[in-house]
Amino acid sequence: MPLAFDSISHGQIAFGFFNIETDMLLLEHYFLFADQFCASISGMARAQDPASCRDSWVVHDIQPPEQIGDLMGAIHGIRYSGFIGAVYQRFPFPSRPADFKQQPEGHKNRKIVTTLIEPYATRRSISVAVQEAGQTVWIGDYRFTFEGFQALIRYVWQGGYPRWKDETRPAYVRQMRAKLTTSAMSLFNTLDL
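None of these values were measured; they are calculated from a predicted model.

Procedures and definitions
- Residues numbered from 1 in each chain as written.
- Predicted model: local features only at pLDDT ≥ 70, side-chain atom pairs only at ≥ 80, totals over all residues.
- Heavy atoms only, no water.
- Helix = DSSP H or I, 4+ residues; strand = E, 2+ residues; numbered from the N terminus.
- Buried < 20%, exposed > 50% of the residue type's maximum accessible area, 1.4 Å probe, protein only.
- Expected span 1.5 Å × (residues − 1).
- Contact = heavy atoms within 4.5 Å.
- Pairing = 2+ DSSP bridges.
- Axes fitted to C-alpha atoms, helices over the stretch in contact; angles between N-to-C directions.
- Phe/Tyr/Trp six-rings, centres within 6.5 Å; stacked < 30°, edge-to-face > 60°.

*Asks:* Residues and numbers for the environment of Thr181, please.
*Replies:* With respect to the secondary-structure elements, Thr181 resides in helix H6 (residues 171–181). Assessed through its relative accessible area of 56%, Thr181 is described here as exposed. For the pair formed by Thr181 and Leu193, sequence separation is 12 residues and the distance between their alpha carbons is 8.9 Å.

*Asks:* I'd like a description of helix H5 (residues 146–158), backed by residues and values.
*Replies:* A rise of 1.5 Å per residue sets the reference length of H5, with its 13 residues, at 18 Å; its end C-alpha atoms lie 18 Å apart and thus fit the reference within 8%. Here H5 has its buried residues at Phe146, Gly148, Phe149, Gln150, Leu152, Ile153, Tyr155, Val156 and Trp157. Two residues or fewer after H5 comes Gly159, characterised by a positive phi angle close to 85°.

*Asks:* With reference to specific residues and values, describe the environment of Arg79.
*Replies:* Take Arg79: it is sitting in the loop between helix H2 (71–75) and helix H3 (82–90). In this structure the C-alpha to C-alpha distance between Arg79 and Ile112, which are 33 residues apart in sequence, comes to 20 Å. With sequence-adjacent residues up to four places away left out, Arg79 is seen in contact with Asp70, Gly73 and Ala74.

*Asks:* Quick one: what's the story with the sheet that holds strand S1 (residues 3–7), residue by residue and with numbers?
*Replies:* An order of S1-S2-S3-S4-S5-S6-S7-S8 is seen for the eight strands of this open sheet, with the pairing classed as antiparallel. Two strands lie at the open edges of the sheet, namely S1 and strand S8 (142–145), each paired on one side alone. Within the sheet, the average angular offset between the axes of one strand and its neighbour, ignoring direction, is 30°. Relative to strand S4 (residues 30–33), strand S3 (residues 24–27) runs antiparallel, the two sharing four bridges.

*Asks:* Before we move on, could you go through the pairing of strand S6 (residues 122–131) and cite the residues and values that matter?
*Replies:* Here strand S5 (residues 54–61) runs beside S6; their pairing, made up of eight bridges, is antiparallel. Its bridge partner lying in S6, Ser56 is registered against Ser127. Sheet analysis places S6 next to strand S7 (residues 136–139), joined by four bridges and oriented antiparallel. Among the inter-strand pairings, Ala129 is bridged to a residue of S7, identified as Trp138.

*Asks:* Can you break down the packing of aromatic side chains residue by residue, with the values?
*Replies:* One pass over the full model with this rule turns up 14 aromatic pairs. For the ring pair Tyr30 and Tyr142, a centre distance of 5.8 Å and an interplane angle of 80° mean the geometry is edge-to-face. Here Tyr30, found in strand S4, pairs with Tyr142, found in strand S8; they are 112 residues apart in sequence, far enough to count as distant. Residue class for Tyr30 comes out buried when judged on its relative accessible area of 1%. For Tyr142, a relative accessible area of 4% puts it in the buried group. Plain terms: the ring middles of Phe83 and Tyr120 are 6.5 Å apart, the flat faces sit at 55° to each other, and that makes the pair tilted. Of the two residues, Phe83 is situated in helix H3 and Tyr120 in the loop between helix H4 (110–117) and S6; the sequence distance between them amounts to 37 residues. Judged by relative accessible area, which is 0%, Phe83 ranks as buried. Under the relative-accessibility criterion, Tyr120 is labelled partly exposed at 24%.

All quantities given are derived from atomic positions and should not be read as evidence of function.
In structure tokens, the structure reads:
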């Protein structure tokens, strides 16, 4: 379930997994797969020069926001609009609350989810940059404090809300954590996973 996270540039924004059967994340109107997010974080953790720590992500960008869909309507099975509605028609919310857990095998549905998003989104590249001096991180249009960005990383590590099923994390999430624990960057020095 996406949660509200604080950004410097836009106030509170939505970030997170939006369906337990997929490993896709949303960041407001940007959509990307969690392994791409984790690989980028791992790359940042290995950076030798924090001043030049940059990356780019190819994301699916959904504009206007109405095309994203109605998450709560889809969860409750009453309104299947936009991309999120298409995902929930294919992968409905579980009927038993005990089954509401983020699936570590969500990557197996990637081809289906990629096909579902194509009519709604434009693929584009966005820049990601760490500014050590100002202790900020840019992701496309959004700017975060180090603490705000760390909250995004913790969310993915935990499997968001409702957490990873059986606390089993995908390999790419475990590999990200391993890189973060050996990073010399101040962005990651205070990150507790």
